[in-house]
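Inside the fold
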Amino acid sequence: MTTGLFKATATLLTGSVAAHALPLVLGPALTRTYPPEAFGQFALLWAMASNIAVVGCARYEYALPLERSEPDAAHLMALCAQVLGAVILLSAGVGGALAWHHHAGLYGLLPLAVLSLAATQWLTMWATRAQRFGLLSGARLVQYGGGAVLQLLLGWWVGGMAGLFAGAVAAGLMAAMLLARPAPVGGWQKLLHTPRQTLRNMALRHRDFPLLNTPHAFMGALQDTLTLLAVTAWSGDAAAGLWAMSLRYLKAPASLLGGALSQALYPRLVQAPNAQAARQAVHHSMRALAAMALPLAAVLLLWGPDLFAWFFGPRWSAAGELARALAPYIALHFIASPLAVTTLAWKAQAWALRLAVVGQVAYFSGLLGGLALGGLTGAAWGISASMLLYFGYYFWALATWKDIPHEGRDESLA
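Here is what the cut-offs are and how they apply
- Within every chain, residues take consecutive numbers counted from 1 along the sequence as written.
- Residues qualify for local features only when their pLDDT is at least 70, as the model is predicted, and side-chain atom pairs are given and counted only at 80 or more; totals for whole chains, interfaces and linings, by contrast, use all residues.
- For side-chain calculations, the full set of non-hydrogen atoms in the structure is used, while hydrogens and water are omitted.
- Helix and strand assignments follow DSSP, with helices taken as H or I runs no shorter than four residues and strands as E runs no shorter than two, numbered in order from the N terminus.
- The globule rule used here is 2.2 Å times the number of residues to the 0.38 power, and the radius of gyration it is set against is calculated over C-alpha atoms.
- Working definition: with a 1.4 Å probe on protein chains only, accessible area under 20% of the residue-type maximum means buried, over 50% means exposed, and in between means partly exposed.
- For this analysis, residues touch if any pair of their heavy atoms sits within 4.5 Å.
- Surface accessibility follows the Shrake-Rupley procedure with a 1.4 Å probe radius. Residue values consider only the protein chains on display as shielding.
- In this tally, Asp and Glu contribute negative charge and Lys and Arg positive charge; neither His nor the terminal groups of the chain are included.
- All charge positions are set by atom: Lys at NZ, Arg at CZ, Asp at CG, Glu at CD.
- Under this definition, polar contacts are N or O atom pairs within 3.5 Å; protein pairs additionally need one hydrogen-donor-capable and one acceptor-capable atom, and for neighbouring residues in sequence, both atoms have to be side-chain atoms.
- To qualify as a nonpolar core, a set must consist of buried Ala, Val, Leu, Ile, Met, Phe, Trp, Tyr and Cys residues joined through side-chain atoms within 4.5 Å.
- Any Lys or Arg side-chain nitrogen located within 4 Å of an Asp or Glu carboxyl oxygen qualifies as a salt bridge.
- Here a cavity denotes grid points, spaced 1 Å and computed from the protein atoms alone, that fit a 1.4 Å probe unable to get out, and a pocket denotes an open set having protein on both sides within 12 Å along at least 5 of 7 lines; residues with an atom within 4 Å of a point are the lining.
- Grid points are joined across faces, edges and corners, and a volume is the space filled by probe spheres set on the points.
- Under the scheme applied, nonpolar residues are Ala, Val, Leu, Ile, Met, Phe, Trp, Tyr, Cys and Pro; charged residues are Asp, Glu, Lys and Arg; polar residues are all the others, including Gly.
- Any two rings among Phe, Tyr and Trp, with Trp reduced to its six-membered ring, count as a pair given centres within 6.5 Å; such a pair is stacked if its planes are under 30 degrees apart, edge-to-face if over 60, and tilted if neither.
- Lines fitted to C-alpha atoms define the axes here, with helix axes fitted over just the stretch in contact, and angles between the N-to-C directions of these axes take values from 0 to 180 degrees.
- When describing relative orientation, an angle under 35 degrees is termed roughly parallel and one over 145 degrees roughly antiparallel, while 65 to 115 degrees is termed roughly perpendicular and anything else oblique.

Moving on: the overall build of the protein chain. Secondary structure summary: the protein chain contains 16 helices and 0 strands in total. Computed over the C-alpha atoms, the radius of gyration of the protein chain is 21 Å, within 12% of the 22 Å expected from 2.2 N^0.38 for a compact globule of 414 residues. Projecting the C-alpha coordinates of the protein chain onto the three principal axes gives extents of approximately 60 × 45 × 35 Å. Going through the 414 residues of the protein chain one by one, you find that 55% of them count as buried. Long-range contacts, defined here as pairs at least 24 residues apart, represent 85% of the contacts in the protein chain between residues at least 6 apart. In the form shown here, the protein chain has an accessible surface area of approximately 17500 Å², with 68% of it arising from carbon and sulfur atoms. The protein chain carries 24 positive and 14 negative side-chain charges, and their two centres are separated by 6 Å.

Another aspect to go through is the side chain of Thr227. Counting through the fold element by element, Thr227 comes out in helix H9 (residues 208–235). Looking at Thr227, the relative accessible area reads 1%, which means it is buried. Engagement of the side chain of Thr227 in a polar contact is seen with the backbone oxygen of Gln223, the distance being 2.6 Å.

Let us now look at the nonpolar core. Grouped together as the largest cluster of nonpolar side chains are 135 residues, with contacts concentrated most on Trp243, Tyr266, Leu339 and Phe395. Per-element accounting of this core gives the leading share, 19 residues, to helix H15 (residues 349–399). Discounting chain neighbours no more than four positions away, the residues touching Leu339 are Leu265, Val282, Ser285, Met286, Leu289, Tyr394, Phe395 and Leu398.

Taken as a whole and assessed by the stated rule, the structure comprises 3 salt bridges. Salt-bridge contacts for Glu67 lead to Arg205; the nearest nitrogen and oxygen are separated by 2.8 Å. In this pair, Glu67 sits in the loop between helix H2 (36–53) and helix H3 (70–102) while Arg205 sits in helix H8 (residues 196–205), placing the two residues 138 residues apart along the sequence. Classification of Glu67 as buried rests on a relative accessible area of 5%. Each of Glu67, Asp72 and Arg205 takes part in a single network of salt bridges with overlapping partners.

This part covers the layout of surface pockets. The calculated volume of the largest pocket comes to roughly 420 Å³. At the level of elements, helix H10 (237–250), helix H11 (252–270), helix H12 (275–312) and helix H13 (317–339) are the ones that each hand at least two residues to the lining of the largest pocket. Ranked by the residues each element gives to the lining of the largest pocket, the list is headed by H12, at 10 residues. For the lining of the largest pocket, the per-class residue count stands at 19 nonpolar, no polar and no charged.

Quick look at the environment of Ser337 now. Tracing the backbone shows Ser337 in helix H13. What makes Ser337 partly exposed here is its relative accessible area of 33%. When the C-alpha atoms of Ser337 and Ser262 are compared, they prove to be 8.1 Å apart, with 75 residues separating the residues in sequence.

Another aspect to go through is the packing of aromatic side chains. Counted according to the given criterion, the structure contains 18 aromatic pairs. Considering the side-chain rings of Phe308 and Phe312, the 5.1 Å spacing of their centres and the 50° angle between planes classify their relative orientation as tilted. Taken together, the residues Phe308 and Phe312, both in helix H12 and 4 residues apart, mark about one turn of the helix. Each of the two residues, Phe308 as well as Phe312, counts as buried. Between Phe311 and Phe312, the ring centres sit 4.9 Å apart and the planes meet at 90°, which makes this aromatic pair edge-to-face. You can call Phe311 partly exposed: its relative accessible area is 26%.

We now examine the packing of H3 against H8. To characterise two packed helices, one gives the angle between the axes of the helices and the distance between these axes. Interaxial distance between H3 and H8 falls to 9 Å at its minimum, and their mutual angle equals 90°. On the basis of the axis angle, H3 is roughly perpendicular to H8. Note on element contacts: H8 touches H3 through Thr198, Leu199, Met202, Ala203 and Arg205, opposite Asp72, His75, Leu76, Ala78, Leu79 and Gln82. Considering only residue class, the contact of H3 with H8 consists of 6 nonpolar, 3 polar and 2 charged.

It is worth spelling out the environment of Trp351 at this point. Residue position: Trp351 is located in helix H15. In this structure the C-alpha to C-alpha distance between Trp351 and Asn213, which are 138 residues apart in sequence, comes to 10.0 Å. Beyond its immediate chain neighbours, meaning those up to four positions away, Trp351 contacts Thr343, Tyr393, Tyr394, Ala397, Leu398 and Trp401.

Our focus in this paragraph is unusual backbone geometry. Here the amide bond leading from Arg181 into Pro182 is cis, since omega sits at -5°, within 30 degrees of zero. Within the chain, Arg59 stands out as a residue other than glycine whose phi angle is a positive 70°. Looking at the secondary structure, you find Arg59 in the loop between H2 and H3. The backbone of Lys347 sits at a positive phi, close to 55°, despite the residue not being glycine. Mapped onto the elements of the fold, Lys347 is located in the loop between helix H14 (341–345) and H15. Since its relative accessible area comes to 58%, Lys347 is described here as exposed.

This is how it looks when you write it as structure tokens:
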């Protein structure tokens, strides 16, 4: 099982390296093409879209690996498609209201951004179910690497927030189209004609995902949105741009390595032959992630400001100070992010939701307390300090988890 996990992770990692290397390599060009204010405006709008998109299918897409039957998987895909359609309509109303309030027509494109993000997330789980890791690798390259290239090209032509927004949306839609193969049993058009009773039965079968995991996921995304709102209200668009740029590049390793690991880990936890095998996979993943996270944090603590000023240009030097202060939090997030699929596989969404509420309180206590005491850099140190105990408990709980669904199977075989 461990060998299979490494092989799948390596396949995903191959595409992910190229996908995330392009934005990193193009970073200096992007920061010299777009000012911090444009990044701040884009980051806030994109965070809103991400907040809606993360629950675009009510998290039903994460149940796809649980469905072994192809017809049942097609029925679940139909449910996801119909829920996503309703969410797109809702986001159109939200985007229209924002466009009217801010007198900015670009907000009216919010549903397009939601579609780009939510469809990619949905179809990623469709490919994950089939363990088509090569396809997932290529889609990552299109979404992240292609997005950075488009943003740079549009920066020379369009400029401002519009260039950043259009590049990200177009790349996401292209990645979704790539992941849409092969079609479910009966083809994509048949999804629209799935009987309502079948959809209701499927919704009831996996009701824990919308009831328990949807609030958890929404609150996690809401954290980024509210953070940018607080930073913008406190210090303006430029400060929000510095904050967003810091987190964008600090979380790149988590998206690169952690994303590949989580996509490989989830189906293996679901299909683990016994509880011991599932637990060992989590322990091994945790140790491997920690071995990578700690050196990264040390580099940021020692040389963060100098690295950012050299790489992104003098007007982004303040982002390096934020990077240093956020280094402990980023290391903890790096380890925790790919392990989030563990509670899905172990049917522990209720526990994860309760813990997420505690995490939100800890995060915003550090953020707001730090802003009041030390401004933007104080907020970054506040978050790192407040999240240390939270993540420490989270890792301990996963490492010592007892109620793994496979436990009953072990006992029956004993």
